[in-house]
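Notes for the structure review
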Amino acid sequence: MSSNMRGILNQQLEDMRDAGTYKVERVITSPQTSSISVQGREKNVINFCANNYLGLSNDPELVEAAKTVMDTHGFGLSSVRFICGTQDIHKELEARISEFHGMEDTILYPSCFDANAGLFEAILTDQDAVISDELNHASIIDGIRLCKAQRHRYTHLDMVSLEESLKAAQDARMRLIVTDGAFSMDGDIAPLDQIKVLADKYDASIFIDECHATGFLGPTGRGTDEHFGVDVDIINSTLGKALGGGTGGYTSGPKEVIDTLRQKGRPYLFSNSIAPAVVGASIKVFDRLMTSSDLVERIRDNTHHFRDRMEAAGFSISGARDHPICPVMLGDARLASEMADAMLEYDVFVIGFSFPVVPKGKARIRCQVSASHTREQIDHTVDAFIKVGKQFGAI
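1. Topic: the layout of surface pockets
Reported here for the second largest pocket is a volume of approximately 420 Å³. A class-by-class count of the residues in the lining of the second largest pocket yields 10 nonpolar, 4 polar and 6 charged.

What follows is the structure, given as C-alpha cells:
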C-alpha cells in the first residue's frame, strides 16, 4: 500500500475512534444461543443482540438434519445452479418456502443481500418505476442502484409521501413499491394495509424484504403480510436470521418473476449454490413452522415483557410492540458504546449502534429478544439496564 493511501485510511479510522463510532468485534467461543461464551471472560453472558429470534441457531434437530444431509448430499456443490449446482433438496426447499408464503415459486440465493442485489435489475427497465421507503435496508438501496428504472423515495412510513411518489410515477410502464416489512434498526413495521390500498389505487405491485419478520411476525410467523392480513406480490427473505441463522436468502413470488430471475439474476447465475447442510436444516425449520406456532407465541410474550419493563423503568424503546427488535434510544454515539460495554460487566451482551449504521444523533443499543430467552434472563437484562442507565444518567 502506498504511504499516501495508508495515511488517508489511518486518519479516517482515527476520526471514527474520536467520534465513538469505531466498531470492535467481540469474539464468542460457543454456539449461538441465548447464553454465550465471550473470549476473555470466565462466565457466560446473556446474548441480547443476535438475530436468533426463534432460538434455532443451535437447535439439536437442525444440527442433526444438517449432519444427515452432509452424509447424503456432501459438503458443497462447487458450482452455480444452472451448471451442476442444483440438487433435489434445493428444489424441495424452494417448494417448502413457496408453500409457507403462499407463493407460486421461489428461488434460492447465497444471501438475501444477493436476492436484493439481483431482483430489480432483472425485472425492471428504464420504462418502469421503483418507489422505495427512505429507510430501506442497504442491500435494497444497492440493488435499486443497479437497475435503470425511475427512482422515487418516499418519507419513512409516510403514506402521503408514498402517494405523491406514485402520482409522479404514473407515466411508467410498471410501478413497484419497495419496503422492508420490518425495519432492522428501528423495529417498526411497514403499514402494509395502507400500502396495499395505494398500490391498488395506482396499479402498483408490492415488494417486501422480510428478513426481520419471516418466521415470527404474524399469528403463525408468516411475516408482515400475515400480520396485516394482506397479499403482496414479491417477498425476499433470509435463512440466516430466525430460520436457523445459517446462510442463504430467497425470492418468493409469481412464477414469471422467479423464471426471469433464473434467467437473468446475476447473483444467482454467478454464485455457488447454498451448501447442502444449510438446505437440509432449512427444510426442517419450515416443516416445524408449518406444524406449530409455539415459538411464535413465545417470542411475542417475551417481547411484550421486555418492552413493558424497559418502558416502565423510563427508557425510550422504539419500534412496534409486537416486534422483538427493541432499540434503546440514547442519541449520543459514545454513550451508546460505553453503556453497551458496561452491560457486559453485568453479564449481558449488547452492542451500541451509531452512524453510519443509523443516522447521526440517533445512536442506540439495539436489543433483540429471542424465543429462547427465559423470563429470568429477560429480567436480569432489564435490571442490568436500570443499573447502567442510572450510572450514565440515561434514566
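Don't stop here, the text continues.
2. Here we look at helix α2 (residues 60-73)
Helix length check: α2, at 14 residues, gives a terminal C-alpha distance of 20 Å against a target of 20 Å (1.5 Å per residue), a fit within 8%. Residues of α2 that are buried include every one of L62, A65, A66 and V69, and no others. End-on view of α2: buried residues confined to an arc of 100 degrees, all on one side of the axis. Every exposed residue of α2 that faces more than 90 degrees away from the buried side is listed here: P60 and D71. Where the residues of α2 are buried, they touch α4 (88-101) and α12 (276-289). After α2 finishes, the residue G74 shows a positive phi value of roughly 90 degrees.

3. Things to note about a nonpolar patch on the surface
A surface patch of nonpolar side chains, about 390 Å² in accessible area, is lined by M1, M5, I8 and L9. Of note, M5 is situated in helix α1 (residues 3-19). Residue classification places M5 among the partly exposed residues on the basis of a relative accessible area of 45%.

Rules used throughout
- Residues numbered from 1 in each chain as written.
- Predicted model: local features only at pLDDT ≥ 70, side-chain atom pairs only at ≥ 80, totals over all residues.
- Heavy atoms only, no water.
- 1 Å grid on protein atoms, 1.4 Å probe; cavity = no way out; pocket = protein on both sides within 12 Å on 5 of 7 lines; lining within 4 Å.
- Points joined across faces, edges and corners; volume = space filled by probe spheres on them.
- Nonpolar A, V, L, I, M, F, W, Y, C, P; charged D, E, K, R; others polar.
- Helix = DSSP H or I, 4+ residues; strand = E, 2+ residues; numbered from the N terminus.
- Expected span 1.5 Å × (residues − 1).
- Buried < 20%, exposed > 50% of the residue type's maximum accessible area, 1.4 Å probe, protein only.
- Arc of directions from axis to C-beta.
- Contact = heavy atoms within 4.5 Å.
- Patch = residues over 30% accessible without salt bridge, like charges linked within 9 Å, V, L, I, M, F, W, Y side chains within 5 Å.
- Areas by Shrake-Rupley, 256 points an atom, 1.4 Å probe, with all protein chains shown as cover.
- Salt bridge = Lys/Arg side-chain N within 4 Å of Asp/Glu carboxyl O.

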